[in-house]
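Fold and contact review
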Amino acid sequence: MDLPGYLSRHTPDYRDTAALGTGLREMVEAGLDRLPLPGSGRTLERWQRLSEVGGHDLGLCKLYEGHTDALAIIEQLGGSPTPGSTWGMWAAEPPQARVRVNRLGQLVRLNGRKAWCSGAAVLSHALLTAWDEDDRQQLVAVALDQPGVTVTDQGWQAVGMAATGSVEVLFDDVEAQAIGDPGDYLQRPGFWHGGIGIAACWYGAAREIGERLRQQCARREEPHALASLGAVDSALHGAAQALRVSALDIDSHPHNNAELLARRVRAVVEDAAEQVIRETGRALGAGPFCKDPHFARLAADLPVYLRQSHAERDLAALGQLIAQQPREGWAL
């Protein structure tokens with residue numbers, strides 16, 4: 001079964017982390033997690049699949065995106081996932097939650113606390129960033145069903161995206177495998193490709209929210225709602241174009257540094273998603289927020305998921321890159 005077919009047969013009802021874990025395992029068992037790698041010539045297809053899951057359910061998409069990103073990273077840096085395994089990709093590095101690596105060659109031992117671990121209670125494995133004796137970042141793969149791994153109930157009081165269970169995990173002398181060399185996680189071209197994949201998830205949810213407004217305007221023409229629909233369409237059109245162009249660029253130059261491309265696309269899609277949320281809510285009123293469970297969940301989840309962007313800090317980083325570009329960078 002293809003991904004659209006699978007999603008069409010599964011009405012979103014992912015009310016808790018256990019349900020999300022079941023949904024992800026079913027998708028893995030059906031082979032729906034084997035997406036084209038970025039830069040493979042089919043990057044747009046990867047964005048489309050992530051977008052489809054985002055429009056279906058953002059909690060499931062959060063776990064699905066992390067799992068598929070982990071598979072892509074393992075493919076790029078070397079390793080072989082256990083068949084049927086489900087993966088988290090945990091790379092947040094708040095100062096109060098760091099994992100340390102004691103290196104024993106390719107095998108390492110982990111100690112410390114990791115924050116923002118989405119799906120920790122229901123996944124079989126995780127890729128995570130840790131720090132070695134020389135204070136270098138090292139990516140490691142760890143099985144989560146072994147002694148010394150404690151999935152806490154701490155660090156997650158969310159309403160939007162609540163079901164992802166993005167809690168803190170403790171590691172006490174846990175065995176793991178080093179993936180790549182120190183620094184490889186951030187230095188590989190695929191790091192920025194993955195950032196655009198997250199924007200494709202945002203886009204899928206925004207498109208589905210906007211679809212509710214399109215449906216209402218098709219049933220009943222009301223001038224203010226039509227104006228909002230025009231704003232929604234222009235925002236989504238621009239975001240879709242940015243994602244399409246990014247896929248072409250990555251396929252044409254798979255080994256280039258894609259930071260500027262990724263920061264631009266994420267900024268465009270984030271802005272579009274926020275405009276869709278605003279215009280759709282103003283046009284539709286309270287009805288779908290209170291009576292349409294799919295719409296209500298997307299509308300609650302998307303603002304939280306968008307905060308994987310760092311807002312003005314990301315825009316400032318983009319501005320710094322642009323300031324160093326020639327004027328021709330804005331040419332048609």
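Note that the coordinates shown come from a computational prediction; the quantities given were computed from them, not determined experimentally.

**So, the overall build of the protein chain**
Each helix and strand in the protein chain was counted, giving 11 helices and seven strands. Counting only C-alpha atoms, the protein chain reaches 65 × 50 × 40 Å along its principal axes. Out of the 332 residues in the protein chain, the part that is buried amounts to 52%. Here the protein chain displays about 15,700 Å² of accessible surface, and carbon together with sulfur accounts for 51% of that area. In the protein chain, 32 side chains carry a positive charge and 42 a negative one; their mean positions are 4 Å apart.

**So, helix 3 (residues 43-56)**
Here helix 3 contains 14 residues, and its C-alpha end-to-end distance of 20 Å stays within 8% of the 20 Å for a straight helix at 1.5 Å per residue. The element helix 3 is largely enclosed, with a buried count of 10 among its 14 residues. Residues of helix 3 that are buried sit in contact with helix 1 (3-8), helix 2 (17-29), helix 4 (58-77), helix 6 (190-219), helix 7 (223-252) and helix 10 (293-305).

**Considering the side chain of R266**
Positionally, R266 belongs in helix 8 (residues 259-284). Nearest to the buried, unbridged R266 among oppositely charged side chains is D314, at 4.5 Å.

**Quick word on the UniProt feature "domain: Acyl-CoA oxidase/dehydrogenase middle" (unreviewed entry) in the protein chain**
According to UniProt, the feature "domain: Acyl-CoA oxidase/dehydrogenase middle" (unreviewed entry) maps to residues 104-174 in the numbering used here. The annotated region residues 104-174 carries 0% helix and 52% strand content, and the separation between its end C-alpha atoms amounts to 12 Å.

**What about the pattern of salt bridges?**
What the rule picks out here adds up to 19 salt bridges. Among the ionic pairs, R100 bridges to D135, the shortest N-O distance being 3.1 Å. Of this pair, R100 sits in strand 2 (residues 99-104) while D135 is found in the loop between strand 4 (125-131) and strand 5 (137-143), placing the two residues 35 residues apart along the sequence. R263 is the salt-bridge partner of E259, the closest N and O atoms lying 3.0 Å from each other.

**Regarding the nonpolar core**
By size, the foremost hydrophobic cluster in this structure holds 83 residues, and its most contacted members are W90, L110, L128, V142, F171, L243 and L302. Sort the elements by how many residues they give to this core and helix 6 lands first, with 13 residues. Not counting residues up to four positions away in its chain, the partners in contact with F171 are W90, V99, L110, N111, G112, K114, L128, V142, G148 and V149. Judged by nonpolar contacts, the second largest core, of 11 residues, contains L71, I74, W87 and M89.

**With respect to the packing of aromatic side chains**
Throughout the structure, instances matching the rule amount to four aromatic pairs. When the ring of Y185 is compared with that of F191, the centres are 5.4 Å apart and the planes differ by 80°; the resulting orientation is edge-to-face. Summarising the aromatic geometry, the rings of F289 and F295 are spaced 5.0 Å apart at their centres and angled 85° between planes, so their arrangement reads as edge-to-face. By the ring-pair criterion, three or more aromatic residues cluster together here, those being Y185, F191 and W192. Its end group placed over the ring of W131, R98 keeps NZ or CZ at 3.9 Å from the ring centre.

**Quick look at the packing of helix 7 against helix 8**
At a closest axis distance of 9 Å, the pairing of helix 7 and helix 8 adopts a crossing angle of 160°. Regarding the angle of helix 7 to helix 8, the classification is roughly antiparallel. Between helix 7 and helix 8 lies a crossing whose hand is left-handed. A per-class count over the contact of helix 7 with helix 8 returns 16 nonpolar, five polar and two charged.

**Observations regarding the packing of helix 4 against helix 10**
At their nearest, the axes of helix 4 and helix 10 sit 9 Å apart, and the two run at 40° to each other. As far as their axial angle goes, helix 10 and helix 4 are oblique. Contact residues: L58, G59, C61, K62 and E65 in helix 4; L298, D301, L302 and Y305 in helix 10. Here the contact of helix 4 with helix 10 is built from residues that sort into five nonpolar, one polar and three charged.

About the criteria used
- Residues numbered from 1 in each chain as written.
- Predicted model: local features only at pLDDT ≥ 70, side-chain atom pairs only at ≥ 80, totals over all residues.
- Heavy atoms only, no water.
- Helix = DSSP H or I, 4+ residues; strand = E, 2+ residues; numbered from the N terminus.
- Buried < 20%, exposed > 50% of the residue type's maximum accessible area, 1.4 Å probe, protein only.
- Areas by Shrake-Rupley, 256 points an atom, 1.4 Å probe, with all protein chains shown as cover.
- Lys, Arg positive; Asp, Glu negative; His and termini not counted.
- Charge placed at Lys NZ, Arg CZ, Asp CG, Glu CD.
- Expected span 1.5 Å × (residues − 1).
- Contact = heavy atoms within 4.5 Å.
- Salt bridge = Lys/Arg side-chain N within 4 Å of Asp/Glu carboxyl O.
- UniProt positions renumbered as here; feature names shortened; annotations may be inferred.
- Core = buried A, V, L, I, M, F, W, Y, C linked by side-chain atoms within 4.5 Å.
- Phe/Tyr/Trp six-rings, centres within 6.5 Å; stacked < 30°, edge-to-face > 60°.
- Lys NZ or Arg CZ within 6 Å of the ring centre and 35° of its normal.
- Axes fitted to C-alpha atoms, helices over the stretch in contact; angles between N-to-C directions.
- Parallel < 35°, antiparallel > 145°, perpendicular 65-115°, else oblique.
- Left-handed = near helix turned anticlockwise from the far one by under 90°.
- Nonpolar A, V, L, I, M, F, W, Y, C, P; charged D, E, K, R; others polar.

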